[in-house]
Amino acid sequence: MIASTTAALAISTTGLRKTYRNRKGRHVAVAGLDLAVPLGGVHGFLGPNGSGKTTTIRMLLGLIRADAGTMSIFDHEVPDRLPDVVGRVGAIVESPKFFPAFSGRKNLQLLAEAIDRPRGIVDQVLEQTALGERGKDKYRTYSLGMKQRLAIAATLLKEPDLLIFDEPTNGLDPAGIREIRNTMRSLGEQGKTVLVSSHILDEVEQVADTVSIIGHGRLLASGRVADVIGDQTATSLRVGVADPVAAHRILTAGGLLVRQDGALLVVEGFSDGAEITRRLAAHDLFVNELIPVRADLESVFLELTADEGLETVGVAR
């Protein structure tokens, strides 16, 4: 599933390749990657740790040089024409440095002066990242989520059209993850293009409009989230019953594929809840929970990488 190359793109790469030398020889970090990120909205750049996401981002930003292939940002070939387009790009690849004893607002004012931006832009970006009421507080008092949002606010000072975030929720608690997710969604709704790399598929699924999934440095799937996931009809059922052992025996005896998942049973490849209920009730076992299981990005990823020996990606639930 490859995104159309005829649509307007914020980022595109063709045959992108990067190889490193290490003690064991040569390591291919990116292997002929074709990437297409459409204009506007949030694009999830997904894959397990070590799949080539950060290497790709660093090549796009001119931080490291590609061995082969072509790259462009807003139709400007990079890195050769990066100076022509860098003003439209904001990126967080590493944790930015702020003065702990200064307020969030003061830190941003210093950055705004350094890049010759009007002082009024500071209040604007604080509001955009939901930090308006905490702008006067010292940076050292900020939670991890607030510090990450201040970093995003810093990238917004030059009013970029493209924002690139590399694993922006790493190390955050659920509240911080939700804050960053809401901020990214808001930026996408404002018409900006947000490229967010992550290995946490469940988290990105809640915010991304389009995705690219990579493994071993090559593209596995790309397109709108709904298209990548495919059919949303239930393919399995989670079943809750007072005696799961007896229920497991009855359902497997009837030819169904059943596995234990905590206190619940999962009936694979079968979505007729009424039939499950009927079979168990015939043996005086009554269902107290029945949950359809639908495809998600995690299940798609696992299917795509089943033959590649990739590790299961982390999922925040």
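Keep in mind that this is a model prediction, so the values were computed, not measured.

### Topic: the layout of surface pockets
Stage number 1. Volume-wise, the largest pocket comes out at about 490 Å³.
Stage number 2. Contributing to the lining of the largest pocket are 22 residues, with Gly90, Ala91, Ala154, Thr155 and Lys158 lying nearest its centre.
Stage number 3. For the lining of the largest pocket, the secondary structure elements donating two or more residues are strand E6 (89–92) and helix H5 (144–155).
Stage number 4. With four residues, the single largest contributor to the lining of the largest pocket is E6.

### A short note on the side chain of Thr169
Stage number 1. Secondary-structure assignment places Thr169 in the loop between strand E7 (162–166) and helix H6 (174–189).
Stage number 2. In contact with Thr169, not counting residues within four places along its chain, are Ile177, Ile180 and Ile200.

### Section: the sheet that holds E6
In sheet architecture, strand pairing relies on hydrogen bonds along the backbone and comes in two forms, parallel and antiparallel.
Stage number 1. As summarised here, the arrangement of the six strands in space is E6-E7-E8-E3-E9-E10, forming an open sheet in which the pairing is mixed. In the strand order of this sheet, the two ends are held by E6 and strand E10 (218–224), each with one partner. Looking at each pair of strands side by side, their axes are set apart by 15 degrees on average, direction ignored.
Stage number 2. H5 rests against E6 and E7 of the sheet, and its axis sits at about 155 degrees to E6.

### Here we look at the pairing of strand E9 (residues 210–215)
Stage number 1. Most of E9 sits inside the fold, with six of its six residues counted as buried.
Stage number 2. Side-chain alternation along E9 places Thr210, Ser212 and Ile214 on one buried face and Val211, Ile213 and Gly215 on a second face that is also buried.
Stage number 3. Pairing analysis gives four bridges linking strand E3 (residues 41–46) to E9, with the strands arranged parallel. When the sheet's bridge partners are listed, Leu46 is paired in E9 with Ile213.
Stage number 4. As paired elements, E9 and E10 share six bridges and run antiparallel to each other. Across the sheet, residue Gly215 finds its bridge partner in E10, namely Arg218.
Stage number 5. Where E9 hands over to E10, the hairpin turn is made up of two residues, of which His216 adopts a positive phi near 55 degrees.

### Points about the packing of helix H3 (residues 104–114) against H5
Stage number 1. Running from N to C, H3 and H5 point in directions that differ by 25 degrees, and their axes come no closer than 10 Å. When the interaxial angle is binned, H3 and H5 end up roughly parallel. The handedness of the crossing between H3 and H5 comes out as right-handed. In this structure, H3 uses Gly104, Leu108 and Leu111 to contact H5, whose residues at the interface are Leu150, Ala153 and Ala154.
Stage number 2. Of the residues belonging to the contact of H3 with H5, the class tally is five nonpolar, one polar and no charged.

### Here's the deal with the nonpolar core
As a rule of thumb, soluble globular proteins bury nonpolar side chains together.
Stage number 1. Counting 40 residues, the largest nonpolar core has Leu108, Leu150 and Phe165 as its most contacted members.
Stage number 2. With five residues, the single largest contributor to this core is H5.
Stage number 3. When residues no more than four places from it in sequence are discounted, the contact partners of Phe165 are Ile92, Ile152, Thr155, Met184, Leu187, Val194, Leu195, Val196 and Ser197.
Stage number 4. In this structure, Ala29, Ile73, Val78 and Leu195 belong to the second largest nonpolar core, which totals 26 residues.

### Let's talk about the packing of aromatic side chains
Stage number 1. On inspection of all chains with the given rule, the structure shows three aromatic pairs.
Stage number 2. A centroid spacing of 5.1 Å and a plane angle of 45 degrees characterise the contact between Phe99 and Phe102, whose relative ring orientation is tilted.
Stage number 3. Judged by relative accessible area, Phe99 falls into the partly exposed class, the value being 49%.
Stage number 4. Three or more aromatic residues joined by ring pairs form one cluster here, namely Phe98, Tyr139 and Tyr142.
Stage number 5. In this structure, Arg88 packs its charged tip against the face of Phe74, placed 3.9 Å from the ring centre.
Stage number 6. We note Lys147 situated over the ring of Tyr139; from NZ or CZ to the ring centre the distance is 5.3 Å.

Rules used in this analysis
Here the residue numbers are simple positions, counted from 1 along each chain's written sequence. Per-residue local features are limited, in this predicted model, to residues with pLDDT of at least 70; the limit for side-chain atom pairs, both in listing and counting, is 80 or more; totals at the level of whole chains, interfaces and linings are taken over all residues. Excluding hydrogens and water, the side-chain figures rest on all heavy atoms present in the structure. Lining residues are those with an atom within 4 Å of a point, where the points come from a 1 Å grid over the protein atoms alone and group into cavities, where a 1.4 Å probe fits but cannot get out, or pockets, open sets with protein on both sides within 12 Å along at least five of seven lines. Grid points are joined across faces, edges and corners, and a volume is the space filled by probe spheres set on the points. Only runs of H or I of at least four residues qualify as helices and only runs of E of at least two qualify as strands under DSSP, and these elements are numbered from the N terminus. We call two residues in contact whenever any of their non-hydrogen atoms come within 4.5 Å of each other. In this scheme, strands are said to pair when DSSP sees at least two bridges between them. Working convention: axes come from line fits to C-alpha atoms, limited for helices to the stretch in contact. Angles between N-to-C directions cover 0 to 180 degrees. Remark: exposure states derive from per-residue accessible area (1.4 Å probe, protein chains only) relative to the maximum for the residue type, with buried under 20%, exposed over 50%, and partly exposed in between. Roughly parallel covers angles under 35 degrees, roughly antiparallel covers those over 145, roughly perpendicular covers 65 to 115, and oblique covers all other angles. Helix crossings get a hand from a simple test, with the near helix turned counterclockwise from the far one by less than a right angle marking a left-handed crossing and a clockwise turn marking a right-handed one. Asp, Glu, Lys and Arg are counted as charged, while Ala, Val, Leu, Ile, Met, Phe, Trp, Tyr, Cys and Pro are counted as nonpolar; the rest, among them Gly, fall into the polar class. As used in this record, nonpolar core signifies buried Ala, Val, Leu, Ile, Met, Phe, Trp, Tyr and Cys residues forming a set joined through side-chain atoms within 4.5 Å. Any two rings among Phe, Tyr and Trp, with Trp reduced to its six-membered ring, count as a pair given centres within 6.5 Å; such a pair is stacked if its planes are under 30 degrees apart, edge-to-face if over 60, and tilted if neither. Placement of a positive charge over a ring is assigned whenever Lys NZ or Arg CZ falls within 6 Å of the ring centre and within 35 degrees of the normal to the ring plane.

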